[in-house]
Amino acid sequence: SQRLFVADSNHNRIVITDLAGKLIDIIGSGREGKGDGGFEEAEFDKPQGMVVRDGTLYIADTENHLLRKADLAARTVTTIAGTGVQADNGFPGLDPEATRLSDLPRRWVGPPTKTKIASPWDLWIHEDELFIAMAGPHQIWKMPLDESVIGPYAGNGREDIVDGSLLPRIPYQEGFSSFAQPSGLSSDGKVLFVADSEGSSVRTVPLDGRGKVETLVGTSNLPVNRLFTFGDVDGDRRTARFQHCLGVAFHNGTVYVADTYNNKIRAIEVRNGAVTTFVGDGEAGATDEPARFDEPAGISYLDGKLYVADTNNHAIRVIDVATRATTTLTIAGLEPPAKPTPPFPSFAGAREVTADALRVTAVDGRANVEIAIAFPAGWKLNPFAPQRYYLLPDSAQGVVSSANLPTTGVDNEPAAVPMKVSIPVDGDGTGSIKVGFEIYYCQDGGEGLCKVAPYVVTIPLTVAADGSAVGSIPLRLPR
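What you are looking at is a predicted structure, and each value in this text was computed from that prediction instead of being measured.

**Student:** Teacher, can you tell me more about the overall build of the protein here?
**Tutor:** Within the protein, the regular secondary structure consists of zero helices and 36 strands. Relative to a compact globule of 479 residues, whose C-alpha radius of gyration would be 23 Å, the protein shows 29 Å and is clearly more extended. Its C-alpha atoms put the protein at 85 × 60 × 50 Å along the principal axes. Across the protein, the fraction of contacts at a sequence separation of at least 24, relative to all contacts at a separation of at least 6, is 54%. Working note: accessible area of the protein is about 22,000 Å², and carbon and sulfur atoms make up 49% of it. Averaging the positions of the 44 positive and the 60 negative side-chain charges in the protein gives two centres separated by 4 Å.

In structure tokens:
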């Protein structure tokens, strides 16, 4: 479709561009959540891998432990698998009390939206099956595109790099295949190529339901330390080493690997497993010449080019396969999502204090007040907590400008004492306003007790030309 789909993970959204970087659409509001709906309202939590079939984009919504799909024409998002609660094992229907083989299900499957899943990381479609790199339980799962059932396809649930038959009848049974946080998928139509990240290996999984999981390049041949043997070594399949590879892309007999912790793109010749460094010198960087990356995590191939999610550089890099020249894609007009509005606290149960009346002078239509906080002996402001105040809208009286009150909290500097409060006013005269805030304070020295003290302070004030530039309100906190 000549479109590029980017999992903008920490913005909780999907960005769609053309191959030249022209922004086409954005899926998701940017808010962290599970909500379905239109593209502008839908919510995700750190989405990762995707796959597209016709007009539907399938999305691994990783930290929600969900699978989602986006109808690209209708611009809607729906949840198709998972409950939003992380599964504690990779075997749907497993009864922990079962003690006999006859007590176990014949097949480990369940209805998709009623089955818990755990950290889906990448997706691949083969024929009418959606394959899922299920990083949480260290397995490959699958679900037919009719969304009738979901369950594990390969992996005994043990975190390891072990070759063997696809799936045991008995959970965690040895002698079957083991994975270690499988994270990236690609295929040649016969096998899945899997970036098995924690084992720094690339595995193959037969797509026909028969045969065995094998290691294309990696550590399965080692008798011990299979999960802790990694490096940056080119060479044959048994001696080559990756470090926490997260992405794979197959094209024309070669598997290109996003070798994440080595800051490189590597190439595996499938017929013999020989590994070479394709692009990158191993130094973390963001330059095109020489080509340098910073923990690349996703990779796709199209029309002679590799598209790389250069994660720590927050960029998409483009590699010409023929020349290995690297460029950085510019997405014109792309802006970060609006920051979420913090909830307006109710201040129920807060201490109510009425300050002495202040006489202040307005500066640029605002009366400026400082709340001088006196801490008990041995206590101090928590420097890591937010210093935010709220001008309560239903309390504005008189000269206080209710039309210009902020609708959200207003931040002070993190360790600001006294707290600075700015009150919008209309001309001179009298009025009052209630200010709500919470003070976070801790015992001084060491890791002592910390407290939070919510307050609502009523500030009566007279705005006049002969008033003080900044009014001051003393406030003493309880021990």
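**Student:** What am I meant to see in the side chain of arginine 203 here?
**Tutor:** Mapped onto the elements of the fold, arginine 203 is located in strand E16 (residues 201-206). Here valine 162 takes part through its backbone oxygen, which lies 2.9 Å from a polar atom of the side chain of arginine 203.

**Student:** I'm lost on the sheet that holds strand E36 (residues 470-476) in this one. Help?
**Tutor:** Two pairing modes exist for strands in a sheet, parallel and antiparallel, and in both the strands are linked by backbone hydrogen bonds. Read from one edge to the other, the open sheet built from three strands follows the order E33-E28-E36, with strand pairing classed as mixed. A single partner strand is all that each edge strand has here, and the edge strands are strand E33 (419-424) and E36. With direction set aside, neighbouring strand axes in the sheet form an average angle of 25 degrees.

**Student:** I would appreciate a short explanation of the pattern of salt bridges in the present structure.
**Tutor:** Any two side chains of opposite charge can pair, on the condition that their charged atoms come close. Throughout the structure, instances matching the rule amount to 28 salt bridges. For glutamate 370, the salt bridge identified is with lysine 420, shortest N-O distance 4.0 Å. Linking glutamate 370 in strand E28 (residues 366-374) with lysine 420 in strand E33, this pair joins segments that are 50 residues apart in sequence.

**Student:** Which parts of the structure should I look at to understand the sheet that holds strand E6 (residues 56-61)?
**Tutor:** Read from one edge of the open sheet, five strands run E4-E8-E7-E6-E5, paired in antiparallel fashion. Each having just a single partner strand, strand E4 (37-38) and strand E5 (47-53) make up the two edges of the open sheet. Taken together, the two bridges between E4 and strand E8 (residues 76-81) define a ladder with antiparallel strand orientation. The residue bridging glycine 38 from the neighbouring strand is threonine 76, located in E8.

**Student:** What is the right way to look at the nonpolar core in this model?
**Tutor:** As a rule of thumb, nonpolar side chains are buried together in soluble globular proteins. Core analysis: the biggest nonpolar cluster contains 33 residues, and Ile423, Phe437, Ile439 and Ile459 have the highest contact counts within it. Residue assignment for this core shows that the elements contributing at least two residues are strand E27 (358-360), E28, strand E29 (379-381), strand E30 (388-391), E33, strand E34 (429-443), strand E35 (450-463) and E36. With six residues, E35 is the largest single contributor of residues to this core. One finds Ala81, Ile125, Leu130 and Leu145 within the second-largest nonpolar core, a separate group that totals 16 residues.

**Student:** I'm lost on the packing of aromatic side chains in this one. Help?
**Tutor:** Scanning all chains against the criterion turns up ten aromatic pairs. Relative to tyrosine 172, the ring of phenylalanine 91 lies with its centre 5.5 Å away and its plane at 75 degrees, an arrangement referred to as edge-to-face. With phenylalanine 91 in the loop between E8 and strand E9 (120-126) and tyrosine 172 in the loop between strand E13 (164-165) and strand E14 (182-187), this residue pair connects regions lying 81 residues apart in the sequence. When its relative accessible area of 33% is taken as the criterion, tyrosine 172 is described as partly exposed. Note on phenylalanine 193 and phenylalanine 250: the rings are 5.4 Å apart at their centroids and 15 degrees apart in plane angle, and the pair reads as stacked. Residue phenylalanine 193 is located in strand E15 (residues 191-196), and its partner phenylalanine 250 is located in strand E18 (residues 247-251); the two are separated by 57 residues in the primary sequence. What links up through ring pairs into an aromatic cluster is the set Phe91, Trp108 and Tyr172. We note arginine 203 situated over the ring of phenylalanine 179; from NZ or CZ to the ring centre the distance is 5.0 Å.

**Student:** What exactly am I supposed to notice about the pairing of E16 here?
**Tutor:** Along any regular strand the residues' side chains alternate between the sheet's two faces. The buried fraction of E16 amounts to six of the six residues, a majority that puts the element mostly inside the structure. Here E16 shows no split at all, with Ser201, Arg203 and Val205 on one side and Val202, Thr204 and Pro206 on the other all buried. Where E15 and E16 come together, six bridges link them in antiparallel fashion. By the bridge assignment for E16, leucine 192 is matched with valine 205. Linking E15 to E16, which pair antiparallel, is a turn of four residues; within it serine 200 sits at a positive phi near 50 degrees. Of the pairings in the sheet, the one linking E16 to strand E17 (residues 212-217) comprises three bridges and is antiparallel in character. Bridge assignment links threonine 204 to a residue of E17, and that residue is glutamate 214. The antiparallel hairpin formed by E16 and E17 contains five residues in its connecting segment, where glycine 209 sits at a positive phi of about 80 degrees.

**Student:** Just checking my understanding: could you explain the pairing of strand E20 (residues 264-269) for this structure?
**Tutor:** With respect to burial, E20 is a largely interior element, five of its six residues being buried. Note that strand E19 (residues 254-259) and E20 share six bridges and pair antiparallel. Bridging across to E20, alanine 258 finds its partner in isoleucine 265. Counting the residues that bridge the hairpin from E19 to E20 gives four residues, and of these asparagine 263 lies at a positive phi of roughly 55 degrees. Two elements, E20 and strand E21 (residues 274-279), share five bridges in a ladder whose sense is antiparallel. Paired with isoleucine 268 across the two strands is valine 275, which belongs to E21. Connecting E20 to the next strand, E21, in antiparallel fashion are four residues, including glycine 273 with a positive phi near 80 degrees.

**Student:** Looking at this structure, how should I read the environment of alanine 42?
**Tutor:** Residue position: alanine 42 is located in the loop between E4 and E5. Looking at alanine 42, the relative accessible area reads 0%, which means it is buried. Each C-alpha atom of the pair alanine 42 and isoleucine 27 lies 7.2 Å from the other, and the pair is 15 residues apart in sequence.

What counts as what
- Residues numbered from 1 in each chain as written.
- Predicted model: local features only at pLDDT ≥ 70, side-chain atom pairs only at ≥ 80, totals over all residues.
- Heavy atoms only, no water.
- Helix = DSSP H or I, 4+ residues; strand = E, 2+ residues; numbered from the N terminus.
- Rg over C-alpha atoms; globule rule 2.2 N^0.38 Å.
- Contact = heavy atoms within 4.5 Å.
- Areas by Shrake-Rupley, 256 points an atom, 1.4 Å probe, with all protein chains shown as cover.
- Lys, Arg positive; Asp, Glu negative; His and termini not counted.
- Charge placed at Lys NZ, Arg CZ, Asp CG, Glu CD.
- Polar contact = N/O pair within 3.5 Å; in protein donor to acceptor, adjacent residues only side chain to side chain.
- Pairing = 2+ DSSP bridges.
- Axes fitted to C-alpha atoms, helices over the stretch in contact; angles between N-to-C directions.
- Salt bridge = Lys/Arg side-chain N within 4 Å of Asp/Glu carboxyl O.
- Core = buried A, V, L, I, M, F, W, Y, C linked by side-chain atoms within 4.5 Å.
- Buried < 20%, exposed > 50% of the residue type's maximum accessible area, 1.4 Å probe, protein only.
- Phe/Tyr/Trp six-rings, centres within 6.5 Å; stacked < 30°, edge-to-face > 60°.
- Lys NZ or Arg CZ within 6 Å of the ring centre and 35° of its normal.

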